[in-house]
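Descriptive structure summary
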Amino acid sequence: MGLPVTGFNVTEVKKPRVGESVPAKVSAELTYTLANTMHRVRDEWDQFREHDVVFLVTLEPPATQFTGRLEDLDVGEFREAFGVTYIRGAEILEVLDEEGNVISDPNPRDRKTPVGDVRTVRCILDSGQYDQDLDFMTRSGGDIYSSLNLVIRRKAKENNFKAVLETIRSLISSQDTAIPDWLHNLFLGFGNPGAAQYFRMPTQIRKFDWRDTFLDRDHLLASFPEVETINCDEDLSPPFVLDFQQSAESKPEDRTEVLTVTSYPRVNQGPYPECAPRLNAVRFTQVQVEAIRSGVNPGLTMIVGPPGTGKTDTAVQIVNLLYHNFQDQKILLVAHSNQALNDLFDKIVALDIPERYLIRLGQGVKELEHDTDYSRWGRVNFMLQRRLELLTEVQRLARSLNEDESMAHTCETAQHFLLMHVQSRWDKYLKLLKEPKKAEPTPEGHAITQTRVAQMFPFCAFFNNAPGVLFQGLSEEDDLEIAEGCMRYITNVFQELEECHAFELLRNGRDRGNYLLTRHARIIAMTCTHAALTRSRLVDMSFKYDNLIIEETAQILEVETFIPMLLQKNERGVSRLKRVCLIGDHHQLPPVVQNRAIQRYGKLDQSLFTRFVRLQTPTVDLNMQGRMRPSLAKLFNWRYKNLGDLPQVVTSQMFRLANAGLSYEYQMIDVPDFEGRGEHTPSPHFFQNLGEAEAVVALFMYMRLVGYPANKITILTTYNGQKHLIRDVVRTRCSWNPLFGEPSKIVTVDKFQGQQNDYV
């Protein structure tokens, strides 16, 4: 998309750095107008952000207008046909409106509504190209930059090439990049391919809390059939703590183990419904449990997940256990597509993890199906809003204790209030409970309705808004547990306020965002593209993380898998990474490489995951699918080792009943040429087939008339061109008619990777 340039000036040329001949920086200002543009187009141009790239073009219309076909022109002929004289690139620093207000601020809270139609873009030019242009203009006497008359922008998703290439270049030229020692030899392709397995690592963790991984004792016992001895009492219930020890008779290289199981009661966190923990409801299979154990332990974990085998649920439980068992460690989640990352993030949000520790970087945060904003700026705004809510709670607590409410004005004064008025009351309360109970006569005709624990509890007035009766009076032990839960709730309020203190002290939105990312957040999610875009910025901010989990690894280029391992500075030449968990399926879609020559001869379509599999690196192969009928699974289960079906796809009524109005569970339909035309390409790489589009839309209309819900139907295609054609046919035949409507999604196969629907 392009607009005429109304003004362009080079504003600053810095002197070359020592040892260089090109300018250190070339700054410029570009002006254009959005007058007479549609509202949608105006919004797209106002979405410019820092580091976006625009192209500046000099167009000199030829004497005769070109009337041929674009696809028949090569690059040189295109320039002559349309009068393209010069093309220069520029990287955006900020965008200003007519009144000089910055409208490209990344924080939505600080972003201002643009005023007027004129936009001024402050940008930087390519220093090397500018130096060459000066030499050319000196020799020829012309002025390239005053002749630039057109500004062109690309789609945001296609506009990241510069940052990605710079990241790759910096990694190649850097001397201090390092991956973990236990992964080094495997990455280079030599040594023992299984050396990074958790049970071969000297740092293996034999005892840790499995929390809600197991639904009951029987689930636990069925998950470890290869363990020699399991010491588990009959009356144990989740949560479980598992301790794996080497059998005394076994050799060090053997995996003969003795498992000791212990349990502990869940702690009361407060009297409100939101204080109850959110528990896992997935009954993990034996292989999934092994994958979870491997993922929690240090080392490399490679999980092969065929369709419907629950690899995302497995990854989410790994995140859950890492978060709760290692409080001082950070987790980085990476995926190939925004959709896959959003699916993973959606399930993490539903876990028993406070949302203040979650952050989602990149543009895909807009696609999350939540009212909550998990972007960096959304999290900053959440922490500021949360601070006000918590201070209101402290103010209510002070009022209930008849203390000065001014103590709740700031996070710092609230901490003083905790020590002086809250903790002192609690300590006094516990001391009184330890004193011997005095026998007091009960008035005749009256029964004791409250225990001593409830009578002396100092915060009853504060919890008078709790649902139901606060103390049940069943026993002093039960009431004391409730009292301790109430105190934990109060303590958590002040702990959250302590975490909000930094956001109170930092006054700049950018500083708050950087602090949130580098110090506060513990689970950070981004796409591999965003990791490549922001690597230098993250390293400069001293961003650190200990665990890396990558989804859809088999779809990611090797360099895109490599970059997320290097988003932090080394500590004395040693990588901080403790765990790398790669999740994917090398039998499904490979990385997309559009250049056939590079794909064929450069092996770029081979992912790091696939290369590790070819090197015979041990993998955990998930082997039970629960997504589709067994008859449908037979279409692909021959490609995997021992892929079976979960009980619900055999016994559940929804899988046993036939599909109304359809004779077959799946069909392969050969569609002949429609109106004398089959597959064609209106433009390069834009494949369409009208006959197939009409056939699939006709089937959708038939299913809707039979009674299938539109939101349960998805239409997939392998080409972007066909996707747009099907959408056009649906809009023409169905969208306007309430009998049909539109299907849930009309997308390409690779965009639907990892998702599911009832009818496809």
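Residues numbered from 1 in each chain as written. Predicted model: local features only at pLDDT ≥ 70, side-chain atom pairs only at ≥ 80, totals over all residues. Heavy atoms only, no water.

A word on the overall build of the protein. Assigned secondary structure in the protein consists of 23 helices and 23 strands. The C-alpha extent of the protein, read off along each of the three principal axes, is 110 × 65 × 65 Å. Within the protein, the fraction of its 760 residues that count as buried is 44%. Contacts spanning at least 24 positions in sequence make up 71% of the contacts within the protein whose residues lie at least 6 apart. Total accessible area computed for the protein in this model is approximately 40600 Å², and 51% of it derives from carbon and sulfur atoms. The protein carries 86 positive and 100 negative side-chain charges, and their two centres are separated by 2 Å. (Helix = DSSP H or I, 4+ residues; strand = E, 2+ residues; numbered from the N terminus. Buried < 20%, exposed > 50% of the residue type's maximum accessible area, 1.4 Å probe, protein only. Contact = heavy atoms within 4.5 Å. Areas by Shrake-Rupley, 256 points an atom, 1.4 Å probe, with all protein chains shown as cover. Lys, Arg positive; Asp, Glu negative; His and termini not counted. Charge placed at Lys NZ, Arg CZ, Asp CG, Glu CD.)

Attention now goes to the packing of aromatic side chains. Per the counting criterion, the structure on display carries 29 aromatic pairs. Note on phenylalanine 636 and tyrosine 640: the rings are 6.4 Å apart at their centroids and 90° apart in plane angle, and the pair reads as edge-to-face. Ring pairing ties together the aromatic residues Tyr272, Trp426, Tyr429, Phe457, Phe459, Phe462, Phe463, Phe471 and Tyr489, which thus form one cluster. Lying over the aromatic face of phenylalanine 48, arginine 153 brings its terminal NZ or CZ to 5.8 Å of the ring centre. Seen from the ring of tryptophan 377, arginine 376 lies directly overhead, with NZ or CZ sitting 5.8 Å from the centre. (Phe/Tyr/Trp six-rings, centres within 6.5 Å; stacked < 30°, edge-to-face > 60°. Lys NZ or Arg CZ within 6 Å of the ring centre and 35° of its normal.)

What follows covers helix α14 (residues 509–520). An α-helical turn contains 3.6 residues, so a residue and the one three or four places further along point in the same direction. Of the positions making up α14, those classed as buried are Gly509, Arg512, Gly513, Leu516, Leu517, Thr518 and His520. Packed against the buried residues of α14 are β13 (358–360), α10 (376–400), α13 (476–505), β14 (523–527) and α15 (528–540). Where α14 begins, the capping side chain belongs to asparagine 508, and its oxygen is found 2.7 Å from the backbone nitrogen of arginine 510. (Polar contact = N/O pair within 3.5 Å; in protein donor to acceptor, adjacent residues only side chain to side chain.)

The next thing to look at is the packing of helix α4 (residues 161–173) against α15. At a closest axis distance of 8 Å, the pairing of α4 and α15 adopts a crossing angle of 60°. Considered as vectors, α4 and α15 are oriented oblique to each other. The chirality of how α4 crosses α15 is left-handed. Contacts from Ala163, Val164, Thr167, Ser170 and Leu171 of α4 reach α15 at Ala532, Leu533 and Arg535. Along the lines of polarity and charge, the residues of the contact of α4 with α15 split into five nonpolar, two polar and one charged. (Axes fitted to C-alpha atoms, helices over the stretch in contact; angles between N-to-C directions. Parallel < 35°, antiparallel > 145°, perpendicular 65-115°, else oblique. Left-handed = near helix turned anticlockwise from the far one by under 90°. Nonpolar A, V, L, I, M, F, W, Y, C, P; charged D, E, K, R; others polar.)

A few words now on the state of the cysteines. Following the criterion strictly, the structure yields zero disulfides and no others. There is no disulfide at cysteine 411, and the cysteine sulfur nearest it, in cysteine 500, is 5.6 Å away. A relative accessible area of 1% means that cysteine 411 is categorised as buried. Sulfur of cysteine 581: no disulfide; nearest cysteine sulfur belongs to cysteine 528 and is 16 Å away. (Disulfide = S-S within 2.5 Å.)

Inspection of the entire model under this criterion finds 34 salt bridges. A salt bridge links glutamate 257 to arginine 293; the nearest nitrogen and oxygen atoms lie 2.9 Å apart. One end of the pair, glutamate 257, is in strand β10 (residues 257–263); the other, arginine 293, is in helix α7 (residues 286–296), with 36 residues separating them in the sequence. Residues glutamate 257 and arginine 293 agree in their burial class; the two are buried. Arginine 733 is the salt-bridge partner of glutamate 694, the closest N and O atoms lying 2.8 Å from each other. Pair noted here: glutamate 694 is in helix α22 (residues 690–706) and arginine 733 is in helix α23 (residues 720–735), with a separation of 39 residues, a long-range link. (Salt bridge = Lys/Arg side-chain N within 4 Å of Asp/Glu carboxyl O.)

This brings us to the packing of α10 against α14. Relative orientation of the contacting elements α10 and α14 amounts to 95°, with a least axis distance of 9 Å. The orientation of α10 relative to α14 falls into the category roughly perpendicular. Together, Arg376, Trp377, Arg379, Val380, Met383 and Leu384 of α10 and Gly509, Arg510, Arg512, Gly513, Asn514, Leu516, Leu517 and His520 of α14 make up the contact between the two elements. Partitioning the contact of α10 with α14 into residue classes produces six nonpolar, four polar and four charged.

Let's shift gears to unusual backbone geometry. Of note, the amide linkage connecting proline 238 to proline 239 takes the cis form, showing an omega dihedral of 0°. Inspection of the secondary structure puts proline 239 in the loop between β8 (229–231) and β9 (240–246). In this structure, arginine 211 takes a positive phi of about 45° despite not being glycine. Positionally, arginine 211 belongs in strand β7 (residues 207–211). Phi at asparagine 642 takes a positive value of approximately 55°, unusual for a residue other than glycine. Position of asparagine 642 among the secondary structure elements: in the loop between α19 (630–633) and β19 (644–645).

A cluster of nonpolar residues, Leu70, Phe78 and Phe82, forms a patch on the protein surface that exposes about 270 Å² of accessible area. If you trace the backbone, leucine 70 turns up in the loop between β3 (53–59) and α2 (75–82). (Patch = residues over 30% accessible without salt bridge, like charges linked within 9 Å, V, L, I, M, F, W, Y side chains within 5 Å.)

As a further point, take the sheet that holds β9. Pairing in this open sheet of four strands is mixed, and the strands run β7-β9-β10-β8 from one edge to the other. With partners counted over all chains shown, the strands left at the sheet margins are β7 and β8, one partner each. Looking at each pair of strands side by side, their axes are set apart by 25° on average, direction ignored. The pairing of β7 with β9 spans four bridges and is classified as antiparallel. The residue bridging aspartate 209 from the neighbouring strand is valine 241, located in β9. (Pairing = 2+ DSSP bridges.)

So, on to the side chain of arginine 379. By secondary structure assignment, the location of arginine 379 is in helix α10. Every residue in contact with arginine 379, bar those within four places of it in the chain, is listed here: Glu355, Arg356, Leu358, Ile359, Thr372, Asp373, Tyr374 and Leu516.

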